[in-house]
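Examining the three-dimensional arrangement
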Amino acid sequence: MGWPAAQTGHHHNGGGGRYFLVSSHPPSVPPALASLTTPTTVNNAHRLGLAPIATPERLLLGPGPSNAHPVVLEALARSPIGHLDPLYIELMGEVQELLRYVWQTDNRLTIPMSGTGSAAMEATLANTVEPGDTVLVAVMGYFGLRLAEMAGRYRAEVITIERPWGEAFSLDELEAALQEHKPTILAMVHAETSTGVCQPMEGIGELCRRHDCLLLLDTVTSLGGVPLYLDEWKVDLAYSCSQKGLSCPPGLGPFTMGPRAELKLMNRQGKVPNWYLDVSLLNQYWGSDRVYHHTAPVNMNFGIREALRLLADEGIEASWARHRSNAERLWAGLESLGLELHVPAELRLPTLTTVRIPEGVDGKAFSRHLLDRHGIEIGGGLGVLAGKIWRIGLMGYNSTPENVDRLLNLLETELPAFRPSQAPLAAVGA
Ligand SMILES: Cc1ncc(COP(=O)(O)O)c(C=O)c1O
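None of the values given here were measured: they were computed from a predicted structure.

Helices and strands together make up the secondary structure of the protein, namely 13 helices and 16 strands. With 430 residues in all, the protein has 42% of them scored as buried. For the protein, contacts bridging at least 24 residues in sequence account for 72% of all contacts bridging at least 6.

So, in structure tokens, the structure goes:
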């Protein structure tokens, strides 16, 4: 340990000056402390000698991240500006307004959390859950389970209802659970990335209002690519990510909170038990006061600003339609190759398709082959679907007919080598 400069220095221009020099004559060190003085040599054991970074070009057709738009990448490479610079403050307003547009909400408290989707996910719960609140989580895949796990950490009384992985909830099932458990919050996933299911949302918000319960929705794999009408659907809290339908790298987690959720936050008995994600503090920076909370990741916000600008230029409905038509092209192609889709057509997500791995095929070996030979990433299954499905993402910048055709061609020409010689086309039971 070295001597702190403050103990060895003197002020250069009087007691109150700004300049401070460290004395060139440190005080004599008591013998007992001699061994604690600054070492004379540096330990180089961890000093790697590296070449400059050189990442390969990949086509990311997995569950995320997807490739970022080149214009977004250019924005990320710009020189940072101060996070209280008037120009940056203007940009913050633009990001907020465009997030409202892509989410179709007028919510005042709409901000990109500094962190990935999970940070925004945690923010929805941290701000609204009070110890002992009942949180009902409708679980139809891996990310529903994550919501339940997080809610428990904020000391909610967590109740889960479940559907098999590949199915969605009916209004009747949700209503029965609301009646039975009388939760404060119903939390659910709109686009379940682990299964490829899109939960139909019509009527759920009304049910929640009738049962005096907040509706919290995960839109991580739907924002930008799947129709979302937060206000019409009466969603009180939602979150998303930057790295999928927005064509930006991972690093920001869009967050939004409607008036009913704001009221719950205002009426809390205790402080939000998470300083970093406390929206009442964050709003002093994002609102008109501009009070410093944490140093904003300004370049990530340059990136999301550009991503949202491009999406607004395209038009959100055009983007939804593009995602659907490319997904339909993929689904038709996969079926014509004899592959089986995991989710029935009416519940399929346009952004993420789950395909059953044909019997006898080593799914991991084939996806590794695609990556090594062709630079294309696709995903494998999570949880109960591990080893049973591939997950193919067509999100944001990557949702193009060219990408669909490239993958279909490879499946047609290179998958047969991975099938056992006499294997029938039947898929592994999922
Ligand atoms: C549905 C869903 N929710 C939450 C998350 C967590 O987001 P992140 O990995 O950006 O923290 C993901 C990530 O893929 C997701 O797909």
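Having seen it, we continue.
This part takes up the site of the ligand. Around the ligand, 14 residues are found, and the nearest of them are Thr116, Gly117, Ser118, Thr193 and Val220. At 3 residues, helix 4 (residues 117-128) tops the list of elements feeding residues into the shell around the ligand. When its residues are assigned to classes, the shell around the ligand shows 7 nonpolar, 6 polar and 1 charged.

Note on sheets: strands pair through backbone hydrogen bonds, and any given pair is parallel or antiparallel. The mixed open sheet is built from 7 strands, whose spatial order is 4-12-11-10-7-5-6. Each of the sheet's edge strands pairs with one partner strand only, and the pair in question is strand 4 (109-114) and strand 6 (157-162). The sheet shows a mean angle of 20 degrees between the axes of neighbouring strands, direction not considered. As defined by bridge partners, strand 7 (residues 185-189) adjoins strand 10 (residues 214-218) across 5 bridges and the pair is classed as parallel.

Let us now look at helix 4. Here helix 4 spans 17 Å end to end across 12 residues, near enough to the 16 Å set by a 1.5 Å rise per residue. Here helix 4 lies mainly inside the structure; 11 of its 12 residues are buried. Those residues of helix 4 not exposed but buried are Gly117, Ala119, Ala120, Met121, Glu122, Ala123, Thr124, Leu125, Ala126, Asn127 and Thr128.

Before going further, it helps to examine the nonpolar core. Counting residues in hydrophobic clusters, the biggest one holds 107 residues, and the most contacted among them are Val137, Ala151 and Leu186. Residues lining this core come from more than one domain, with at least three contributed by each of domain 2 (70-313) and domain 3 (316-418). Non-local contacts of Val137, meaning those with residues more than four positions away in its chain, are made with Gly144, Leu147, Ala148, Ala151, Val158, Thr160 and Ala187.

A word on the packing of helix 3 (residues 86-103) against helix 10 (residues 298-314). At a closest axis distance of 9 Å, the pairing of helix 3 and helix 10 adopts a crossing angle of 45 degrees. It follows from the interaxial angle that helix 3 and helix 10 lie oblique. In this structure, helix 3 meets helix 10 at a crossing whose hand is left-handed. From helix 3, Tyr88, Leu91, Met92, Glu94, Val95, Leu98, Leu99, Tyr101 and Val102 reach across to helix 10, where they touch Val298, Asn301, Ile304, Arg305, Leu308, Arg309, Leu311 and Ala312. Considered class by class, the residues forming the contact of helix 3 with helix 10 number 13 nonpolar, 1 polar and 3 charged.

What follows concerns helix 13 (residues 401-414). Taking 1.5 Å per residue, 14 residues should reach 20 Å; helix 13 reaches 20 Å between its end C-alpha atoms and fits that length. Summarising the contacts, the buried residues of helix 13 are in contact with strand 3 (59-60), helix 11 (316-336), strand 14 (376-377) and strand 16 (389-393).

Take the pairing of strand 6 next. Where strand 5 (residues 134-139) lies against strand 6, 6 bridges are found, and the strand directions are parallel. Bridge assignment links Ala138 to a residue of strand 6, and that residue is Ile161. Once you follow strand 5 into helix 5 (residues 142-153) and on to strand 6, the crossover reads as right-handed.

Strand order across the open sheet formed by 3 strands is 13-16-15, with antiparallel pairing between neighbours. Of all the strands in the sheet, just strand 13 (352-356) and strand 15 (379-380) have a single pairing partner and so form its edges. Examined bridge by bridge, strand 13 and strand 16 share 5 bridges and lie antiparallel to one another. Within the sheet, the bridge partner assigned to Thr353 lies in strand 16 and is Ile392.

Further remarks concern the confidence of the model for the protein. Averaged over the protein, the pLDDT score is 92; the fraction of residues at 70 or greater is 90%. This model gives residues 1-25 a pLDDT under 50, and the stretch forms 23 contacts once residues within four places in sequence are excluded.

We now examine the environment of Glu377. Tracing the backbone shows Glu377 in strand 14. With 19 C-beta atoms counted inside 10 Å, the residue Glu377 sits in the partly exposed group. Each C-alpha atom, one on Glu377 and one on Ile392, is 8.6 Å from the other, the two residues being 15 residues apart in sequence. Sequence-distant contacts of Glu377, that is, excluding residues within four places in its chain, are made with Arg58, Leu60, Leu61, Gly62 and Leu371.

Conventions used here
Residues numbered from 1 in each chain as written. Predicted model: local features only at pLDDT ≥ 70, side-chain atom pairs only at ≥ 80, totals over all residues. Helix = DSSP H or I, 4+ residues; strand = E, 2+ residues; numbered from the N terminus. Buried ≥ 20, exposed ≤ 12 C-beta atoms within 10 Å, placed from the backbone. Contact = placed C-beta atoms within 7 Å. Near = placed C-beta within 6 Å. Nonpolar A, V, L, I, M, F, W, Y, C, P; charged D, E, K, R; others polar. Pairing = 2+ DSSP bridges. Axes fitted to C-alpha atoms, helices over the stretch in contact; angles between N-to-C directions. Expected span 1.5 Å × (residues − 1). Core = buried A, V, L, I, M, F, W, Y, C linked by C-beta atoms within 7 Å. Domains from an automatic or database assignment. Parallel < 35°, antiparallel > 145°, perpendicular 65-115°, else oblique. Left-handed = near helix turned anticlockwise from the far one by under 90°. Right-handed = clockwise from strand over helix to strand, strands pointing away. pLDDT = per-residue confidence, 0-100.

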